[in-house]
Amino acid sequence: MEVLKFLFGIFGNATALFLFLSPVVTFRRIVRKRSTEDFSAIEAVYVIIFLAFAPKKVRARMAGLFALVLSIFAVIALVSLLALRGQDRKVFCGVAATFFSICMYASPLSIMRLVIRTKSVEYMPFLLSLFVFVCGTLWFIYGLLGHDPFVTVPNGCGSALGAMQLVLYAVYRKNKGGGDADGKIVEMNGEKPPKNDAVSAEKTPHHPMEEQVLECAVRR
């Protein structure tokens, strides 16, 4: 049993490395296009790149959220170091780590909703979804073998959410953009989609006098 637990720990660490490296492809696209489009970011380096290329409104909101998260981590570290000892410190840090791990795994939920609404997987990278599932599953099994709820609970949630993302990807994999996805993405961000001037001009009714002038011009 200990050997099995050790092996799952090794594989879990390896897949965790790939999980944190998997957004590199996405951020190459962000840097190349100089736009974050509708992607989300998690790790510190990715957050910095995200903030550098995000629109002003999104940048302000994400910077505030980033500062809030850093403040919460600072408070947790100070409380655990200065106010708690022994088992109490272990339980406190375990609960905090479990909560933030679940938040990390749950962060793609908004993208999953976007995929369902737009029927497009353009903004849900496959590699990230795959390694969320694999990493969560391996660490979930590791937690079960070690009877550690602080490992089992968040990674069980990660495994389930990763499986849901893969199912969505399998359903909508043939649609990676186009259609009315862009308009729906803009609407979800609280903005109205831009009007097509050509279509608007075609649909705009002409004044009767204008129609007569046009007819005379055509006859000439």
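Residues numbered from 1 in each chain as written. Predicted model: local features only at pLDDT ≥ 70, side-chain atom pairs only at ≥ 80, totals over all residues. Heavy atoms only, no water.

### So, the packing of helix H4 (residues 56-82) against helix H5 (residues 86-106)
- Between H4 and H5, the least distance of the axes is 9 Å, while the angle of their chain directions is 165 degrees. One way to sum up the angle between H4 and H5 is to call them roughly antiparallel. Both H4 and H5 take part in a crossing whose hand is left-handed. Between H4 and H5, the contacting residues are Ile72, Phe73, Ile76, Val79, Ser80 and Leu81 on the first element and Arg89, Phe92, Cys93, Ala96 and Phe100 on the second.
- Tallied by class, residues from the contact of H4 with H5 come to nine nonpolar, one polar and one charged. (Axes fitted to C-alpha atoms, helices over the stretch in contact; angles between N-to-C directions. Helix = DSSP H or I, 4+ residues; strand = E, 2+ residues; numbered from the N terminus. Parallel < 35°, antiparallel > 145°, perpendicular 65-115°, else oblique. Left-handed = near helix turned anticlockwise from the far one by under 90°. Contact = heavy atoms within 4.5 Å. Nonpolar A, V, L, I, M, F, W, Y, C, P; charged D, E, K, R; others polar.)

### Focus: helix H6 (residues 109-118)
- Within H6, the full set of buried residues consists of Ile111, Met112, Leu114, Val115 and Thr118. Down the axis of H6, the buried side of the element spans an arc of 160 degrees, and every buried residue falls inside it.
- Two residues or fewer after H6 comes Lys119, characterised by a positive phi angle close to 60 degrees. (Buried < 20%, exposed > 50% of the residue type's maximum accessible area, 1.4 Å probe, protein only. Arc of directions from axis to C-beta.)

### Examining the side chain of Asn155
- Structurally, Asn155 can be placed in helix H8 (residues 149-172).
- For Asn155, a relative accessible area of 10% corresponds to the buried category.
- There is a polar contact of 2.8 Å between the side chain of Asn155 and the backbone oxygen of Val151.
- Excluding residues within four positions of it along the chain, Asn155 makes contact with Tyr105, Cys135, Gly136, Trp139 and Phe140. (Polar contact = N/O pair within 3.5 Å; in protein donor to acceptor, adjacent residues only side chain to side chain.)

### Points about unusual backbone geometry
- Phi angles above zero are rare outside glycine, and Lys119 is one such case at about 60 degrees.
- Structurally, Lys119 is set in the loop between H6 and helix H7 (126-146).
- Positioned with a positive phi, His147 is a non-glycine residue whose angle comes to about 55 degrees.
- Assignment of secondary structure puts His147 in the loop between H7 and H8.

### As for the side chain of Thr152
- Along the chain, the position of Thr152 falls in helix H8.
- The buried category is assigned to Thr152, whose relative accessible area is 14%.
- For Thr152, the side chain forms a polar contact with the main-chain oxygen of Asp148, separated by 2.9 Å.
- Each residue touching Thr152, except ones within four places of it in the same chain, is listed here: Phe140, Gly143 and Leu144.

### Points about a nonpolar patch on the surface
- On the surface, a nonpolar cluster with roughly 520 Å² of combined accessible area is contributed by Val3, Phe6, Leu7, Ile10 and Phe11.
- Relative to the helices and strands, Leu7 resides in helix H1 (residues 2-21).
- Accessibility expressed as a relative area gives 39% for Leu7, which makes it partly exposed. (Patch = residues over 30% accessible without salt bridge, like charges linked within 9 Å, V, L, I, M, F, W, Y side chains within 5 Å. Areas by Shrake-Rupley, 256 points an atom, 1.4 Å probe, with all protein chains shown as cover. Salt bridge = Lys/Arg side-chain N within 4 Å of Asp/Glu carboxyl O.)

### Let's talk about the UniProt feature "transmembrane region" (unreviewed entry) in the chain
- In the UniProt entry, the feature "transmembrane region" (unreviewed entry) is given for residues 6-27, 62-84, 91-111 and 123-145.
- Within residues 62-84, the helical portion is 91% and the strand portion 0%, while the C-alpha atoms at the span's ends are 32 Å from each other.
- Within the segment residues 91-111, helix and strand shares are 90% and 0% respectively, and the terminal C-alpha atoms sit 32 Å apart. (UniProt positions renumbered as here; feature names shortened; annotations may be inferred.)

### Brief notes about the packing of aromatic side chains
- This model, assessed by the stated rule, comprises four aromatic pairs.
- A ring pair is formed by Phe99 and Phe100, whose centres lie 5.3 Å apart and whose planes are at 75 degrees; its orientation type is edge-to-face.
- A ring pair is formed by Trp139 and Tyr142, whose centres lie 5.1 Å apart and whose planes are at 75 degrees; its orientation type is edge-to-face. Residue Trp139 and its partner Tyr142 are located together in helix H7, separated by three residues, close to a single helical turn.
- On the accessibility criterion, Tyr142 (23% relative accessible area) is partly exposed.
- One aromatic cluster in this structure is built from Phe73, Phe99 and Phe100. (Phe/Tyr/Trp six-rings, centres within 6.5 Å; stacked < 30°, edge-to-face > 60°.)

### A word on the nonpolar core
- Counting residues in hydrophobic clusters, the biggest one holds nine residues: Ala16, Leu19, Tyr105, Phe131, Val132, Cys135, Trp139, Val151 and Leu161.
- Breaking this core down by element, the ones donating at least two residues are H1, H7 and H8.
- Of the residues forming this core, the biggest block, four residues, is contributed by H7. (Core = buried A, V, L, I, M, F, W, Y, C linked by side-chain atoms within 4.5 Å.)

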